[in-house]
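Breakdown of the fold
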Amino acid sequence: MNPYVLAILLSSLGLGTTLTFASSHWLLAWMGLEINTLAIIPLMAQHHHPRAVEATTKYFLTQATAAAMIMFASTTNAWVTGEWDMNNMSNPLASTMIIIALALKIGLAPMHFWMPEVLQGLDLLTGLILSTWQKLAPFALIVQTAQAVDPVLLTALGLASTLVGGWGGLNQTQLRKILAYSSIAHMGWMIIVLQYAPQLTLLALGMYIFMTSAAFLTLKMSSATKINTLSMVWSKSPILTTTTALVLLSLGGLPPLTGFMPKWLILQELAKQNLPITATIMALAALLSLYFYLRLCYAMTLTISPNTTNSTTPWRAQTTQSSLPLTLATTAALGLLPMTPAILMLTT
């Protein structure tokens, strides 16, 4: 892709998200989301592969549907209340519609069906943008409107997402689909605690971005898109394999890695709010996700690749990818747990 075009598209991505962050008016927020969607579509379709075009079409249709629902709900709210302000969502129908539309935008269950299919059709870097940056603007709106939404709806969305994210990833062999289900499960963790402690939602989102970036950049570095390719990575770059296994365990939420921090604090908050059953279901759903991360770790570190393999052998030349972002993301994904008291001081 032409570097000037790429620069324009990436700056438009930044502009769309910033517009949504800065807005308190529904029309401006909607415009930011639209700029965001339109800027990523050429990035998704840049390889002209039928799968990429199919994924782009699916993504465009779901995002356009969600944007239309947001527009309809905010117009309904303006009609009832007489203003477009986000903080005045007194109409229950409008606020429910908006939260469902935003859930469709970020891929919360049961509006998650587009997410694994779309991510599977993209290359790893565009998939990384879709899994991290594209979540920020809708999340900003969800955090602002969550107090006007029925708590039962938020809890149902959160529980459904963690369970679907756990169950869905169990029988996958494609790494991008596994990361898509991992994303759905993490979104569920963020939504479940939103009504009680929004700062924990933002903390979980930050940690999720670090861990997912590390996972995607590692797969990009080793050119792996299927589980059986992973079994050949250790002979090529053993240190990268070790850190990748740790990043996957961090995504699963094992101590003493970074991923344990948001899960621990969210379960603690749910217990404080007298929701032991919800907390138990969330903890059990985390075990489902942990199983498929362990499966990837097993394939990477505990299996010796067969001499005859069906997948093409990865090329052994030096990669052109810069290793600094991968190093920073991996360090953040593995070592932030001791910072928990400091982070808590900042968030409370």
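Before going into details, it helps to say that this report is about the structure given with it. Quick caveat, the model's predicted, so the values are computed rather than measured. (Residues numbered from 1 in each chain as written. Predicted model: local features only at pLDDT ≥ 70, side-chain atom pairs only at ≥ 80, totals over all residues. Heavy atoms only, no water.)

A few points about the nonpolar core
Trp26, Tyr59, Val118, Met187, Ile191 and Leu230 are the most contacted members of the largest nonpolar core, which totals 103 residues. The dominant element in this core, judged by the number of residues it contributes, is helix α10 (residues 198-222), at 13 residues. (Core = buried A, V, L, I, M, F, W, Y, C linked by side-chain atoms within 4.5 Å. Buried < 20%, exposed > 50% of the residue type's maximum accessible area, 1.4 Å probe, protein only. Helix = DSSP H or I, 4+ residues; strand = E, 2+ residues; numbered from the N terminus.)

Points about α10
With 25 residues, α10 ought to run about 36 Å at 1.5 Å a step, and its terminal C-alpha atoms sit 36 Å apart, in line with that. For α10, the tally of buried residues reaches 18 of 25 residues, placing the bulk of the element in the interior. Trailing α10 by a residue or two, Ser223 shows a phi angle of about 50°, which is positive. (Expected span 1.5 Å × (residues − 1).)

Quick word on helix α2 (residues 26-44)
Between the first and last C-alpha of α2 there are 27 Å, a value that for 19 residues agrees with the 27 Å anticipated at 1.5 Å per step. Where α2 is concerned, the buried positions are Trp26, Ala29, Gly32, Leu33, Asn36, Thr37, Ala39, Ile40, Ile41, Leu43 and Met44. In this structure, the buried residues of α2 make contact with α1 (3-22), α3 (50-81), α4 (92-106), α5 (114-120), α6 (124-131) and α7 (133-145). (Contact = heavy atoms within 4.5 Å.)

Examining the packing of α7 against α10
Orientation of α7 relative to α10, taken along the N-to-C sense of each, is 170°, at an axis distance of 12 Å. On the basis of the axis angle, α7 is roughly antiparallel to α10. In contact with Lys135, Leu136, Phe139 and Val143 of α7, α10 contributes Thr201, Leu202, Leu205, Tyr208 and Ile209. Each residue belonging to the contact of α7 with α10 can be placed in one class, and the counts come to seven nonpolar, one polar and one charged. (Axes fitted to C-alpha atoms, helices over the stretch in contact; angles between N-to-C directions. Parallel < 35°, antiparallel > 145°, perpendicular 65-115°, else oblique. Nonpolar A, V, L, I, M, F, W, Y, C, P; charged D, E, K, R; others polar.)

A short note on the packing of aromatic side chains
A complete count under the given rule lists three aromatic pairs for this structure. Seen in terms of ring centroids, Phe260 and Trp264 are 5.7 Å apart; in terms of plane orientation they differ by 10°. Their pairing is stacked. Residue Phe260 and its partner Trp264 are located together in helix α14 (residues 260-272), separated by four residues, close to a single helical turn. Among the residues examined, Phe260 registers a relative accessible area of 24% and is labelled partly exposed. Judged by relative accessible area, which is 38%, Trp264 ranks as partly exposed. Its end group placed over the ring of Trp189, Lys263 keeps NZ or CZ at 5.2 Å from the ring centre. (Phe/Tyr/Trp six-rings, centres within 6.5 Å; stacked < 30°, edge-to-face > 60°. Lys NZ or Arg CZ within 6 Å of the ring centre and 35° of its normal.)

Structural notes on a nonpolar patch on the surface
On the surface, a cluster of nonpolar side chains totalling about 320 Å² of accessible area is made up of Met1, Val5, Leu6 and Leu10. Structurally, the position occupied by Met1 is in the segment before α1. We classify Met1 as partly exposed; its relative accessible area is 47%. (Patch = residues over 30% accessible without salt bridge, like charges linked within 9 Å, V, L, I, M, F, W, Y side chains within 5 Å. Areas by Shrake-Rupley, 256 points an atom, 1.4 Å probe, with all protein chains shown as cover. Salt bridge = Lys/Arg side-chain N within 4 Å of Asp/Glu carboxyl O.)

Overview of the environment of Ile129
Among the secondary structure elements, Ile129 is positioned in helix α6. Relative accessible area serves as the criterion here: at 22%, Ile129 is assigned to the partly exposed category. Taking the C-alpha atoms as reference, Ile129 lies 8.9 Å from Ser213; in sequence the two are 84 residues apart. Sequence-distant contacts of Ile129, defined by excluding residues within four places in its chain, comprise Leu10, Leu13, Ile40, Leu43 and Gln134.

Looking at unusual backbone geometry
Here the bond from Ala109 into Pro110 is cis, since omega is 0°, no more than 30 degrees from zero. Within the secondary structure, Pro110 sits in the loop between α4 and α5. The omega angle of the peptide bond from Pro255 to Pro256 is 5°, so this bond is cis rather than trans. Its place among the elements puts Pro256 in the loop between α13 (238-252) and α14.

Distances and angles like these do not, on their own, reveal function.
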